[in-house]
Amino acid sequence: MKELIDKPEGLATQLLMLDQTQELGLAISSGNIWISNRFLMAHSRSPRPITLKAPKKRVSQFRVEQVFWPAAGALLGNVLVPGIGGLLAGGVIGGALTLNSKEKKVAKIPVFYSFHFANDVMRVQQIRNIGAIEGNSAVNANEWERLKRSGKAAVQNWIDQNMKYKRCVIVLIGSETASRPWVRYEIERAWNQGKAIIGIHIHNIRCARNGTCRKGANPFDEFTFNDGRKLSSVVPCYDPDPSQAYRDIAANISGWIDHAIKNKRN
C-alpha cells in the first residue's frame, strides 16, 4: 500500500500492481480509490447454503374425526327428527364438534419463538400474551445478558435445549431480525431438525418504548439451497394487517402454525 502511495503512476500500472496484491484489493491514484472486481466478488456477502433434504411427498391430511363426527351427528339427528332436516341439523352439529377438536389440538402445539431480543422483546411479549399456543419460557434482559457473557457454547446449548421438543419455530420479524446471528442459528437448526417454521412480521405491533418500527427483511431470504432456491420459497412469512396487526395475529396464528406443520418440506 505504501509503495502505491509513494510512487503514483499511471492507472494501468497501478491496476497491475493491484492485481499482484489481492489481499489488499485497492490502490490510490490522484486521490481516487480503485477497487478490483475480483476483490469485491471475493468479499461480497452471500446467503448461507443449506443442504436441502428431499421434499416429502404430499399426503392426504384425512383424519377419522373429519368424517366420524359429522356422520354421527347426522345419524343422531335422523333418529331424533327423521328426515332430511334431522340429517342436516345433525351434520352441522357434528361438523362444529370436528372444528372444536381441531382448535384444541392446535392450542396445545409447543412452539419456539425466535426474535431480536434488544429491539423486539416488548412486541414479542404481546404475542406471548395471546395465549393460543404454548411457547418457550420468556427470558428477561438480565438473564439474556448473563447467558451471552457465558459464551457461544452456552447460548447454543440454551437454544438447543429450549427448541428440543418444539414442533414449530416462529420467527417474529422486526426491523433488524434478519441480520441477527442467533436468529440465523435458530432458523438453520430448526430446518435441519425437521421442525415446521413460519415467519411473522411484527413491526406494526406497538412497543411501549419505541412504538412501531420499519418493516424488516425476510430472514428466510438469507438462506439458499444447493439448487439455487431460497428458504423463503418453502417457508411462509406472514405480514399482518397494519391497521390491526395484533388482532390479525391473534386470530390467525393457530391456523398458521397448523398449516406449517402439515405442509413442512424438511
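What counts, and where the lines are drawn
- Starting from 1, residues in each chain are numbered consecutively following that chain's sequence as written.
- The model is predicted, so local features are restricted to residues of pLDDT at least 70 and side-chain atom pairs to those at 80 or more, both for listing and for counting; the totals for chains, interfaces and linings are taken over all residues.
- With hydrogens and water stripped out, all remaining heavy atoms of the structure feed into the side-chain values.
- Axes here refer to lines fitted to C-alpha atoms; in helices the fit is confined to the stretch in contact. Angles between the N-to-C directions go from 0 to 180 degrees.
- Secondary structure elements are defined from DSSP: runs of H or I of at least 4 residues count as helices, runs of E of at least 2 residues count as strands, and each element is numbered from the N terminus.
- Between 65 and 115 degrees an angle is taken as roughly perpendicular, under 35 as roughly parallel, over 145 as roughly antiparallel, and anywhere else as oblique.
- With the far helix as reference, a near helix turned anticlockwise by less than a right angle produces a left-handed crossing, and one turned clockwise produces a right-handed crossing.
- Residues are treated as being in contact if the distance between any of their heavy atoms lies within 4.5 Å.
- Polarity classes work like this: nonpolar for Ala, Val, Leu, Ile, Met, Phe, Trp, Tyr, Cys and Pro, charged for Asp, Glu, Lys and Arg, and polar for all others, with Gly in that last group.
- Exposure categories follow from relative accessible area, calculated using a 1.4 Å probe and restricted to protein chains: below 20% of the type maximum is buried, above 50% is exposed, and the middle band is partly exposed.

K.L.:
It is not clear to me how the packing of helix α8 (residues 152-163) against helix α9 (residues 181-192) should be interpreted in this structure. Could you clarify?
P.N.:
Close contact between α8 and α9 brings their axes to 11 Å; oriented N to C, the two are set at 45 degrees. In terms of orientation, α8 and α9 fall into the oblique class. Judged by the sense of rotation from one axis to the other, the crossing of α8 with α9 is right-handed. Between α8 and α9, the contacting residues are Lys-152, Val-155, Gln-156, Ile-159, Asp-160 and Met-163 on the first element and Trp-182, Tyr-185, Glu-186, Arg-189 and Ala-190 on the second. When the residues that make up the contact of α8 with α9 are grouped by side-chain class, the tally is six nonpolar, one polar and four charged.

K.L.:
Help me understand the environment of Trp-182, please; the structure alone is not making it clear to me.
P.N.:
In this structure, Trp-182 sits in helix α9. Assessed through its relative accessible area of 21%, Trp-182 is described here as partly exposed. In the structure, Trp-182 is positioned 27 residues away from Val-155 in sequence and 8.6 Å away in space, judged by C-alpha atoms. Excluding residues within four positions of it along the chain, Trp-182 makes contact with Trp-144, Lys-152, Val-155, Gln-156 and Ile-159.

The values reported here are purely geometric and, on their own, carry no functional implication.
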